[in-house]
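# Descriptive analysis of the structure
Here is how the chains run, residue by residue.
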Amino acid sequence: MKNIKKYLGLMLVMSMVVVLAAGCGNKENNSATNDGNASSGKKGSVYFLNFKPEIAEIYEKIAKDYEAETGVKVKVVTAAAGTYETKLKSEISKSEAPTIFQINGPVGFQAWKDYTLDLKDTKLYSYLSDKSLAVTEGEGVYGIPYVVEGYGIIYNDAIMKKYFALADKAVSISSTTEINNFDTLKAVVEDMTAKKDQLGIKGVFASTSLAAGEQWRWQTHLANLPLYYEFKDNTEFDNTVLAGLASKEVEFKYNDKFKNIFDLYTKNSVTKESLLGSKSVADSMAEFALGNAAMVQNGNWAWSQINDVDGNVVKAEEIKFLPIYTGMEGEEKQGLAVGTENYLAINSKASAENQQASIAFLEWLFSSEKGKAYVTNDLGFIAPFNTFEESEKPADPLAKEVSAWMEKDLTSVAWTFAAFPSEEFKNVFGDALLQYAQGNKTWDEVVTIFKDTWKAEKAK
Amino acid sequence: MEKSIKKYFALFALPTIIAFGIAFVIPFLLGIYLSFTEFTTVNDAKWIGFGNYIKAFSNQEFLNALGFTVKFTVLSVLTINVFAFILAMLLTRKLKGTNVFRTIFFMPNLIGGIVLGYIWQLIFNGILYKFGVTLTSDATYGFWGLIILMNWQLIGYMMIIYVAGIQNVPKDIVEAARIDGASRSKILRNVTIPLVMPSITICLFLTLSNSFKLFDQNLALTAGAPSKQTSMLALDIYNTFYGKTGWEGVGQAKAVVFFALVALIALVQLVITRRKEVEN
């Protein structure tokens, strides 16, 4: 009897261990057979870690379509807004790691260097209409941009027309297109604030969102302008991003220009300065869409955010762009800020079959008829590839405006923020801006924080 | 019976031990190892010795977060336990509807921290708007916001534990004390409190460790704004690990320090209050 019990117990333990081992082993077996399949000439699979939550559904549709057409499995996973790096960090250490992921320019490349495949010999790279847009190091090409975007001050032309039709307007110009420097902009905005009841708006500018995680329009996009001009003065480099990357310290010498426009935004806004800490980008886009504000600083990607707001009163043809004027000398010749921070990279640690499959998928997306239709019509990308015809450009009003501004005889402001030292730098600066807006910090303190943080983050 | 339990101890404990090993011991040891390395992902770590610890302790943000956390913990442990005890005393009297009240007070504890944080953010901002400020205008608003939020969430839970403790106090002892002419406050001080000491041990432990480890509520309510002045240790570790490229190892080192701190404080507290427990 005793023995029976003993054996029973032993058997139980054994069976448990077997179950556990089987549980663990199963996966290995699976992946082993997968690899086996792949090496015996079968297709690899694609795992695309998507950066833009607003277009996640479209990517899933594309994946399904591609799988139906070619039989290659495409898995799309989307990181929630603001969590891409976090997600990538955890996903890439898994055994089934993303094969296509995204880096945000030269700084992001430094962090993911060990994981990016050289794409110099791919067709995808050869499609690029401007090869200098790619992220390169030495001879290698490690990041391919897939979308060009532009940002500036978006305005509602209906409200602007209403203002310029007023008999007692204080400015001499008669249309928004005549605004071509900061002084004119300021005069118009301040006069509009004085007459906001007549215009039926709550403020000229939509809220300057300064809640945590919502300040990127100021600590990144707006800060881009003074630094672009500062690095442009450095004639040793032919490109402001390179000049920025080489700068261990910055003077922030055009900080007064930044202050000009930032003050204009906060003092003529829908929301009081002291309340900005609770406002989000979505809030300000809604204010614009509902006609509470005449202007808002954002990029062409904001179209869906304007269009999708319930009770939207702004007509598509009334939405226009204006460059961000800050009071720089010669800014009459300044255009929108055009560039990209979205670069596709292929995981160099994935299996060769999966790498090939991933590259093939991207090439299909950006060169086949079906793929291009998705890119233009559904994703709404202005794609920087020569495979796209003139007629294959997106049709939403903001993207059209970006294209139109690029064709004018103006200098587009490059996206110099690719050279900003780190996310940490941007966040510290954003926090300082909030404290300045709330009146807890002086402008000089903000400037000092900006310079010190840049230096500290670059020194790492 | 006892003998066979001893004999098959290994058999019954084995599944738990395996699970514990996989889910706790291995990640824990790996985490300690990682705190001595420099890494981007956990697969490619490079040994660098104590560098991360030095960096962590020379990091002003970490020290600020530590100070803020200690301040928050002391105050919230005090307020939560005092209010919970008072409520428990009230709800063990023979009042009408005590069960309904107990349920209502307990309910906040069932809501997740992130949701609570956002709801209270709306409430606080709604009130502060009237005065032209927001929760992020000043670190003191965030601090008191967190205290109120934490009280609201934990008082009910602690109250339930105190209620159980108070109900266990033998009626005859209280009655004997009353007959001997002891006043209400005397009974409370010399009879009730010593006898509910086990509950106090548990409640102090729970509030202390929960306040020290607070993360979700902190993230949702203020996210550290303004300028990280209201970020607590857990949030600071999270931000170091995910927010700063090249600082993953430092984040890990902070996490190890954090673990040691929580363990130490909780143990000391347990030893101290255990000593005060009496048999009834």
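Preceding this section is the structure that the text describes.
Small disclaimer: the values here were computed from a predicted structure and weren't measured. (Residues numbered from 1 in each chain as written. Chains lettered and ligands numbered in written order. Predicted model: local features only at pLDDT ≥ 70, side-chain atom pairs only at ≥ 80, totals over all residues. Heavy atoms only, no water.)

### Focus: the overall build of chain B
Counting secondary structure elements, chain B contains 13 helices and 2 strands. Projecting the C-alpha coordinates of chain B onto the three principal axes gives extents of approximately 70 × 70 × 30 Å. Counting the 280 residues in chain B, one finds 42% classified as buried. By sequence separation, contacts in chain B at least 24 residues apart represent 72% of the contacts at least 6 residues apart. Working note: accessible area of chain B is about 15,200 Å², and carbon and sulfur atoms make up 70% of it. If the 23 positive side-chain charges of chain B are averaged to one point and the 13 negative ones to another, these points end up 7 Å apart. (Helix = DSSP H or I, 4+ residues; strand = E, 2+ residues; numbered from the N terminus. Buried < 20%, exposed > 50% of the residue type's maximum accessible area, 1.4 Å probe, protein only. Contact = heavy atoms within 4.5 Å. Areas by Shrake-Rupley, 256 points an atom, 1.4 Å probe, with all protein chains shown as cover. Lys, Arg positive; Asp, Glu negative; His and termini not counted. Charge placed at Lys NZ, Arg CZ, Asp CG, Glu CD.)

### Considerations on the overall build of chain A
When helices and strands are counted, chain A shows 18 helices and 12 strands. When its C-alpha atoms are laid out on the principal axes, chain A stretches across 105 × 55 × 50 Å. The burial tally for chain A puts 55% of its 460 residues in the buried class. Long-range pairs, those at least 24 residues apart, make up 74% of the contacts in chain A with a sequence separation of at least 6. When the accessible surface of chain A is summed, it comes to about 20,200 Å², and 51% of that surface belongs to carbon and sulfur atoms. Taking the 49 positively charged and 63 negatively charged side chains of chain A as two groups, their mean positions are separated by 6 Å.

### Comments concerning the pairing of strand β1 (residues 46-50) of chain A
Residues and elements named next belong to chain A. The buried count for β1 comes to 5 of 5 residues, which makes it a mostly enclosed element. The side-chain alternation of β1 yields two buried faces, one formed by Val46, Phe48 and Asn50 and the other by Tyr47 and Leu49. Bridge count between β1 and strand β2 (residues 74-78): 5 bridges; the pairing is parallel. Each residue of the ladder has a partner; that of Phe48, found in β2, is Val76. Between the parallel elements β1 and β2, the chain passes through helix α2 (residues 56-70) in a crossover that is right-handed. (Pairing = 2+ DSSP bridges. Right-handed = clockwise from strand over helix to strand, strands pointing away.)

### Notes on the nonpolar core
A:Leu185, A:Val188, A:Met192, A:Leu222, A:Phe258, A:Met295 and A:Leu433 are the most contacted members of the largest nonpolar core, which totals 86 residues. No other element matches the 8 residues that helix α9 (residues 216-232) of chain A contributes to this core. In contact with A:Val188, not counting residues within four places along its chain, are A:Met160, A:Tyr163, A:Phe164, A:Val171, A:Ile173 and A:Ile179. Formed by 40 residues, the second largest nonpolar core is a distinct cluster that contains B:Ile80, B:Phe85, B:Met159 and B:Tyr162. (Core = buried A, V, L, I, M, F, W, Y, C linked by side-chain atoms within 4.5 Å.)

### Let's talk about the packing of aromatic side chains
Residue and element names in this part refer to chain A. Tallied over the entire structure, the rule returns 55 aromatic pairs over all chains. A centroid spacing of 5.4 Å and a plane angle of 80° characterise the contact between Phe51 and Tyr84, whose relative ring orientation is edge-to-face. Taken together, the positions of Phe51 in the loop between β1 and α2 and Tyr84 in helix α3 (residues 84-92) put the pair 33 residues apart, joining distant regions of the chain. What makes Phe51 partly exposed here is its relative accessible area of 31%. Residue Tyr84 is classed as buried on the basis of its relative accessible area of 7%. Positioned over the ring face of Tyr115 is Lys349, at 4.5 Å from the centre of the ring. Over the aromatic face of Phe388 sits the side chain of Lys372, whose NZ or CZ is 5.8 Å from the ring centroid. (Phe/Tyr/Trp six-rings, centres within 6.5 Å; stacked < 30°, edge-to-face > 60°. Lys NZ or Arg CZ within 6 Å of the ring centre and 35° of its normal.)

### Section: the environment of B:Arg93
All names here are of chain B. With respect to the helices and strands, the residue Arg93 is situated in the loop between α4 (60-91) and α5 (98-106). Among the residues examined, Arg93 registers a relative accessible area of 44% and is labelled partly exposed. Measuring from C-alpha to C-alpha, the distance between Arg93 and Phe106 comes to 18 Å, with 13 residues separating the pair along the chain. Residue contacts for Arg93: discarding those within four places in its chain leaves Thr98 and Arg184.

### Regarding the pattern of salt bridges
Where charged atoms from two side chains of opposite charge come close, those side chains can pair. Counted according to the given criterion, the structure contains 20 salt bridges over all chains. For the salt bridge of A:Lys89 with B:Glu248, the shortest nitrogen-to-oxygen distance reads 2.7 Å. In this pair, A:Lys89 is assigned in helix α3 and B:Glu248 in helix α13 (residues 248-276), connecting two distinct chains. Assessed through its relative accessible area of 9%, A:Lys89 is described here as buried. Between A:Lys195 and A:Asp191 there is a salt bridge, and its shortest N-O distance comes to 2.5 Å. For the pair shown, A:Lys195 and A:Asp191 are each scored as buried. (Salt bridge = Lys/Arg side-chain N within 4 Å of Asp/Glu carboxyl O.)

### Regarding the interface of chain A and chain B
Taken residue by residue, the interface counts 35 residues in chain A and 32 residues in chain B. For the pair chain A and chain B, the two sides together bury roughly 2,600 Å², of which 57% comes from carbon and sulfur. The interface formed by chain A and chain B holds 2 salt bridges in total. For B:Lys228, the salt bridge identified is with A:Glu424, shortest N-O distance 2.6 Å. Across the chain A-chain B interface, the total number found is 8 residue pairs in polar contact (both at pLDDT 80 or more). (Buried area = accessible area lost by both parts, 1.4 Å probe. Polar contact = N/O pair within 3.5 Å; in protein donor to acceptor, adjacent residues only side chain to side chain.)

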